[in-house]
Structure formats: structure tokens, C-alpha cells
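Structural overview for review
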Amino acid sequence: MSVKIGISPIAWQNDDLPDLTAAYTMVQALQEARAIGYTGVERGRRMPQDTEGLRAYLERYDIALCGGWCSGNLMRNSVREEIDAVRAQVEQFVALNAPCLVFAECSNTVQGEIATPLGKRPKLARSEIMAYAAKLSDLAKWMADQGMPLAYHHHMGSMIEDREDVDALMEGSTPEVTLLYDTGHLYFGGADVLGTLKTWGHRVHHVHLKDVRRDVIRRVRAEGRSFLDAVIAGAFTVPGDPGGAIDFKSVTDELAKIGYEGWIVVEAEQDPAKAPPYEYSKRGYDHILEICRQSGLDTAVRR
């Protein structure tokens, strides 16, 4: 079983909080990520948007495209309208051999609203999520026909946040809807991190490993703060941080047990003034490399 280790450039270039990372460039992100040992990077908004420009950009830094975010509007759009909206990104990701498109419903999310508490996020009835899942299945089937898997990202502040939401989405959708398994968002959302993987491991196509600082997320909840407030306060950190709360060895053990072969991506947005991106990204990489070895997961290391 072989996995590849990638990273999101969000520690160096935060698209939602650009002022937080204004002192850093995307070039620095790619150069440092590759120097650490990461072989893939998820697409950032400040990378070239055209396919050939992005291809040349990634090749210049000897790093692969290992996914990227897509803001969905399927709650408002018809399936046909959503296909038209995502078509260009799907075509680009197919051309660049990305492993998946990371899709999350954003038409009703509060994740980007710094003045809106996380407690105000949309919470749908199970029947509403199941109806959405049927539409999402049609979109995912179309994407699969184009050669691009849809990996759904449960996310804080969105309508698919906690374990009940994830269960309803998976139960209501066809196998073409795969799951992006994100440890940090699951823990923050109050879900059983390992239990979710045990239940839905057969649908997991993409993995984000991020840790959380338990005291910060408790304070954010208690004070009625927003998701972006949580990021600024340091809710997230990388695997291997002594201040983290998640047992990642149990996660890699389970990934090995289910025969996972794909990307493991570090995505831990933080204030770089408090958590220098190179230092923390290297800590995350080294920790993942070690626990994968212990779990029997072969890593495709390329220096």
C-alpha cells in the first residue's frame, strides 16, 4: 500500500484571510513545501488559473497538483447549472492528473463570515441532506464520466459539519460521491474522528490530516466566535504538534487496515507569526512519515 504526502499552501497563503499571510508568497510556499519533501500541493487561488500556466508553474517547482477546493452552489443550482459552473475546473484537473476535486457546498455556509458565530451555521434536517445527496450523486456521476472523482469536504460552518451530517450525506448518495476525510474538521465538529473513518473508510478518496488545539476550540464555542476567529486564534495545527488533541497513529493504522492508497494532505491554517509555515509544515511531514512507517503504509518519498 502506497500513499503520497501533499500539503495545502494555506499556511503560507491563506485565501480567506489574506492579510494574515501577506508577508508570504506562493513561490515561497511551493519552494519550501518541496524542500521539506512534499510531492504534491493543492491548488491555491493565487496560482495561475489557466491550465497550461498552472502546469508550467507546478513543473517549475517539481510538485504535483494533489487536489483543490471547489465552492459548490448545488443547493441553489440545478444539477445542469452546477455542471456548467464546475466544468472548467473539472477539465483542468483532468488535464493535470489531479486525484480529485474537493467539493463543498458554500451557497449557505458561514465559514467565510468573520462576524457570524459557528453556532449560526446551517443545520439541515436529515431528509434535506438526503435530498441534496441525490443531486450531488448526479453531479458526481457526471464528474466520474469525465475522469474526475468528487471528494466531498465536510467543513466547519457549513451544512455538512458533524457526524450526523456526514452519515446522512453518505447514506443518501451513490458511491460516486466519495469523502474527503478531514481529521481536524471532524474533531472540531464534535464527531468521532476514528469512528467516522471506520464507518466510511470504503468511501474515503482523499485525506486531510490536521490537528486541533482543544482549549482554543472550546473557547471559540463558548464565546460564540466565527470559524475565521478560530483560525486566527490557533484552533488548527499540524500533526506532531505536542499541543494537538488527535491520535494520528490510530488514523494511519486504520488507513492501512482498509488499504488506503492515495494522498495524505497537511492542511493546517494558522497565523504564521505564531506558527512559522516552514517549521510547522516540516513537523507535520516528519510526523506523518514516521507514523505511516509504523502503520505499514509505504510512502512515495521523492527528494
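Refer to the structure presented above.
Below you will find a few notes about this structure. In this text, all values refer to a predicted model and were calculated from it rather than measured experimentally. (Residues numbered from 1 in each chain as written. Predicted model: local features only at pLDDT ≥ 70, side-chain atom pairs only at ≥ 80, totals over all residues. Heavy atoms only, no water.)

A look at the overall build of the protein
- Scanning the protein for helices and strands turns up 11 helices and 11 strands.
- The C-alpha radius of gyration of the protein comes to 18 Å, within 12% of the 19 Å expected for a compact globule of 303 residues.
- In terms of principal-axis extent, the alpha carbons of the protein reach across some 45 × 45 × 40 Å.
- The buried share of the protein, reckoned over its 303 residues, is 57%.
- Look at the contacts in the protein between residues 6 or more apart in sequence, and 82% of them connect residues 24 or more apart.
- For the protein, the exposed area adds up to about 11,800 Å²; of that, 48% sits on carbon and sulfur atoms.
- Looking at charge distribution, the protein has the averaged site of its 34 positive side-chain charges lying 2 Å from that of its 43 negative ones. (Helix = DSSP H or I, 4+ residues; strand = E, 2+ residues; numbered from the N terminus. Rg over C-alpha atoms; globule rule 2.2 N^0.38 Å. Buried < 20%, exposed > 50% of the residue type's maximum accessible area, 1.4 Å probe, protein only. Contact = heavy atoms within 4.5 Å. Areas by Shrake-Rupley, 256 points an atom, 1.4 Å probe, with all protein chains shown as cover. Lys, Arg positive; Asp, Glu negative; His and termini not counted. Charge placed at Lys NZ, Arg CZ, Asp CG, Glu CD.)

Brief notes about the packing of helix α3 (residues 79-95) against helix α4 (residues 126-146)
- Taken N-terminus to C-terminus, the directions of α3 and α4 make an angle of 35 degrees; their axes are 10 Å apart at the nearest point. Handedness of the α3/α4 crossing: right-handed. Residue-level contacts link Val79, Glu82, Ile83, Val86, Arg87, Val90 and Val94 of α3 to Lys135, Asp138, Leu139, Trp142, Met143 and Gln146 of α4.
- Grouping the constituent residues of the contact of α3 with α4 by class yields eight nonpolar, one polar and four charged. (Axes fitted to C-alpha atoms, helices over the stretch in contact; angles between N-to-C directions. Left-handed = near helix turned anticlockwise from the far one by under 90°. Nonpolar A, V, L, I, M, F, W, Y, C, P; charged D, E, K, R; others polar.)

Brief notes about the pattern of salt bridges
- Counted under the stated rule, the structure contains 23 salt bridges.
- We note a salt bridge from Arg221 to Glu161, for which the minimum N-O separation is 3.6 Å. Here Arg221, found in helix α8 (residues 214-222), pairs with Glu161, found in the loop between β5 (150-153) and α5 (163-172); they are 60 residues apart in sequence, far enough to count as distant.
- What makes Arg221 partly exposed here is its relative accessible area of 37%.
- Shared partners join several salt bridges into a network, and the residues in it are Arg121, Lys123, Glu161, Asp162, Glu164, Asp165 and Arg221. (Salt bridge = Lys/Arg side-chain N within 4 Å of Asp/Glu carboxyl O.)

Some points on α4
- Relative to the 30 Å expected for 21 residues at 1.5 Å per residue, α4 spans 30 Å between its end C-alpha atoms, a close match to the ideal helical length.
- Residues Ile129, Tyr132, Ala133, Leu136, Ser137, Leu139, Ala140, Trp142 and Met143 constitute the buried set of α4.
- Its buried side turned inward, α4 meets α3, β4 (101-105), β5, α5 and β6 (177-182). (Expected span 1.5 Å × (residues − 1).)

Observations concerning α5
- By the burial criterion, the buried members of α5 are Asp165, Val166, Asp167, Ala168, Leu169 and Met170.
- Tucked into the core, α5 has its buried residues touching α4, β5, β6 and α7 (193-200).
- Regarding α5, its N-cap is Asp162, as a side-chain oxygen of that residue lies 3.2 Å from the backbone nitrogen of Glu164 further along. (Polar contact = N/O pair within 3.5 Å; in protein donor to acceptor, adjacent residues only side chain to side chain.)

Quick look at the pairing of strand β7 (residues 204-209)
- Among the six residues of β7, five are classified as buried, and the element is accordingly described as predominantly covered.
- As defined by bridge partners, β7 adjoins strand β10 (residues 263-266) across three bridges and the pair is classed as parallel. Residue pairing for β10: Val207 is matched across the bridge by Ile264. (Pairing = 2+ DSSP bridges.)

Digging into the nonpolar core
- Leu30, Phe103, Leu136 and Leu139 are the most contacted members of the largest nonpolar core, which has 76 residues in total.
- Looking at this core, the element that brings in the most residues is α4, giving eight residues.
- Once residues lying within four places of it in the same chain are set aside, the contact partners of Leu136 are Leu74, Phe103, Leu150, Tyr152, Leu169 and Val177.
- By size, the runner-up hydrophobic cluster in this structure holds 14 residues, among which are Leu118, Met156, Ile217 and Val220. (Core = buried A, V, L, I, M, F, W, Y, C linked by side-chain atoms within 4.5 Å.)

Quick word on the packing of aromatic side chains
- Per the counting criterion, the structure on display carries six aromatic pairs.
- Judged by centre distance (6.0 Å) and plane angle (55 degrees), the ring pair of Phe227 and Phe236 falls under tilted.
- Its relative accessible area of 0% is what places Phe236 among the buried residues.
- Here Lys210 stacks its cationic end above the ring of Phe236, 4.2 Å away from the centre of that ring.
- A cation over a ring is seen here: Arg283 above Tyr280, with NZ or CZ 4.7 Å from the ring centre. (Phe/Tyr/Trp six-rings, centres within 6.5 Å; stacked < 30°, edge-to-face > 60°. Lys NZ or Arg CZ within 6 Å of the ring centre and 35° of its normal.)

Regarding unusual backbone geometry
- Of note, the phi angle at Asp62 is positive, near 55 degrees, even though the residue is not glycine.
- As for its position among the elements, Asp62 is in the loop between α2 (51-60) and β3 (64-72).
- For Asn97, which is not a glycine, the phi torsion comes out positive at approximately 60 degrees.
- Here Asn97 is to be found in the loop between α3 and β4.

Focus: the side chain of Gln270
- Along the polypeptide, Gln270 turns up in the loop between β10 and α11 (277-295).
- The exposure class of Gln270 is buried, given its relative accessible area of 5%.
- At 3.0 Å, the side chain of Gln270 and the side chain of Arg213 are in polar contact.
- Apart from the residues lying within four places of it in its own chain, the contact partners of Gln270 are Leu20, Arg213, Val231, Phe236, Thr237, Val238, Ala275 and Tyr280.

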